[in-house]
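Inside the fold
Below are the chains, spelled out letter by letter.
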Amino acid sequence: MSNRKEIRDFFFRGLMFESEAAKFQTAGIQIGADSSQSEKQLLGEALSPFGVNRRNDALEMARLYAVLNCFENEIRDFIRETLSEEEGVDWWDHLPQKTKRHAESRQETALKDSWLEGEKSDLLGFVDFGMLASIIIEKWEHFSNLIPSQHWLKQRMEELEKARNFVAHNRMLLPSEFQRIYMYVADWNRVIGL
C-alpha cells in the first residue's frame, strides 16, 4: 500500500511543480531545459570545423533560405487555394499543358528515385519557382483582384527567382541583396496579406 502512496505523492509533487514552474516562466525565470540552447549547441558543433567567416556567412544565408522557402511555399498555397476556390478540385487539369508536363515529368523522376524520401505527391511542388508567376498570369481573372498588376507580379517574382537560385546554389549574396529580398517579401505579404 505504501508503494501506491509513494507513486501518488510523486505524481502530485510533479503536478505541483509544473503549476509553480509556469508562474516562474511567466515571470521570465528559466525552469527546466532550454531547448534553444541545445539547438544552438548542436548547430555550433556541426559548424565547428569551419572558419568563423564561413560560419557567419552560412548562418546569414540560412536565415535568407528560410524566408525564401516560406515565401515560395506560401505562393504555392496561395495558387492552390485560389484556383481550388475559383475552378474547383480539378483546377490542375485546367493549367497550361507545358506547365503540367514539366511538373509531371519532374514528379516521375522523383518517384523513380525511391531512395530519396520526401514529398512527392503534390504536383504544384514540382513546378519551378519562375513558373508560379506564369500560372497566376495565365489565370489572371482569378488573381486580378488580389495582385496590383501583372507588371508588379513579374518584377518581384523575376528578381526573387534570381536571388532564390543564387541562394539555392550556395552562393553568398551581398547585404544589399538581403535587404532587397526582405523588402520584396514584406511588400508581397503586405499587399497579398499572407
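Being a predicted model, the structure only gives us computed values, none of them experimental.

Our focus in this paragraph is the overall build of the chain. When helices and strands are counted, the chain shows eight helices and zero strands. Of the regular secondary structure in the chain, the N- to C-terminal order runs α-α-α-α-α-α-α-α. Referenced to the eigenvectors of the C-alpha coordinate spread, the extents of the chain come out at roughly 75 × 45 × 40 Å. The buried share of the chain, reckoned over its 194 residues, is 27%. Residue pairs at least 24 apart in sequence account for 63% of intrachain contacts in the chain once pairs closer than 6 positions are excluded. Within the structure as shown, the chain displays about 13500 Å² of accessible surface, and the carbon and sulfur contribution to it stands at 54%. The average position of the 25 basic charges and that of the 32 acidic charges among the side chains of the chain differ by 4 Å.

With that settled, consider a negative patch on the surface. There is a patch of like negative charges on the surface, built from Glu-74, Glu-81, Glu-85, Glu-86, Glu-138 and Glu-141. In terms of residue count, the dominant contributor to the negative patch is helix H3 (residues 52–87) (four residues). On the secondary structure map, Glu-81 appears in helix H3.

Turning to helix H8 (residues 175–192), a few remarks are in order. Taking 1.5 Å per residue as the helical rise, H8 with its 18 residues ought to reach 26 Å, and the 26 Å between its terminal C-alpha atoms agrees with that figure. Next to the buried residues of H8 lie H3 and helix H7 (150–168). One or two steps after H8, the chain reaches Gly-193, where phi turns positive at roughly 90°.

Note on placement: Asn-73 falls in helix H3. When the C-alpha atoms of Asn-73 and Lys-139 are compared, they prove to be 19 Å apart, with 66 residues separating the residues in sequence. A polar contact of 2.9 Å, which involves the side chain of Asn-73, links it to the backbone oxygen of Asn-69.

For the pair helix H5 (residues 129–138) and H7, the least separation of the axes is 9 Å and the interaxial angle reads 170°. Classified by the angle between their axes, H5 and H7 sit roughly antiparallel to one another. Residues Phe-129, Gly-130, Leu-132, Ala-133, Ile-136 and Ile-137 of H5 pack against Gln-150, Leu-153, Lys-154, Met-157, Leu-160, Glu-161 and Arg-164 of H7. Its residues placed into classes, the contact of H5 with H7 shows eight nonpolar, two polar and three charged.

For the rest of this paragraph, the subject is the confidence of the model for the chain. Per-residue pLDDT for the chain averages 86, and the proportion of residues at 70 or more is 95%. Put simply, helix H1 (residues 2–26) is where the chain has its lowest mean pLDDT, 74, and helix H6 (residues 140–143) is where it has its highest, 96.

Moving on, we come to a nonpolar patch on the surface. A contiguous nonpolar patch, built from Ile-7, Phe-10 and Phe-11 and spanning about 340 Å² of accessible area, is present on the exposed surface. Owing to a relative accessible area of 45%, Ile-7 belongs among the partly exposed residues under this scheme.

Right, let's talk about the pattern of salt bridges for a bit. Two side chains carrying opposite charge are able to pair once their charged atoms lie near each other. Taken as a whole and judged by the stated rule, the model has 11 salt bridges. Salt-bridge contacts for Glu-72 lead to Arg-76; the nearest nitrogen and oxygen are separated by 2.5 Å. Residue Glu-72 and its partner Arg-76 are located together in helix H3, separated by four residues, close to a single helical turn. Of the charged contacts, one joins Glu-72 and Arg-164 as a salt bridge, the two residues approaching to 2.6 Å between their closest N and O atoms. Pair noted here: Glu-72 is in helix H3 and Arg-164 is in helix H7, with a separation of 92 residues, a long-range link. It is possible to trace a salt-bridge network through shared partners that takes in Glu-72, Arg-76 and Arg-164.

Cut-off values and rules
- Residues numbered from 1 in each chain as written.
- Predicted model: local features only at pLDDT ≥ 70, side-chain atom pairs only at ≥ 80, totals over all residues.
- Heavy atoms only, no water.
- Helix = DSSP H or I, 4+ residues; strand = E, 2+ residues; numbered from the N terminus.
- Buried < 20%, exposed > 50% of the residue type's maximum accessible area, 1.4 Å probe, protein only.
- Contact = heavy atoms within 4.5 Å.
- Areas by Shrake-Rupley, 256 points an atom, 1.4 Å probe, with all protein chains shown as cover.
- Lys, Arg positive; Asp, Glu negative; His and termini not counted.
- Charge placed at Lys NZ, Arg CZ, Asp CG, Glu CD.
- Patch = residues over 30% accessible without salt bridge, like charges linked within 9 Å, V, L, I, M, F, W, Y side chains within 5 Å.
- Salt bridge = Lys/Arg side-chain N within 4 Å of Asp/Glu carboxyl O.
- Expected span 1.5 Å × (residues − 1).
- Polar contact = N/O pair within 3.5 Å; in protein donor to acceptor, adjacent residues only side chain to side chain.
- Axes fitted to C-alpha atoms, helices over the stretch in contact; angles between N-to-C directions.
- Parallel < 35°, antiparallel > 145°, perpendicular 65-115°, else oblique.
- Nonpolar A, V, L, I, M, F, W, Y, C, P; charged D, E, K, R; others polar.
- pLDDT = per-residue confidence, 0-100.

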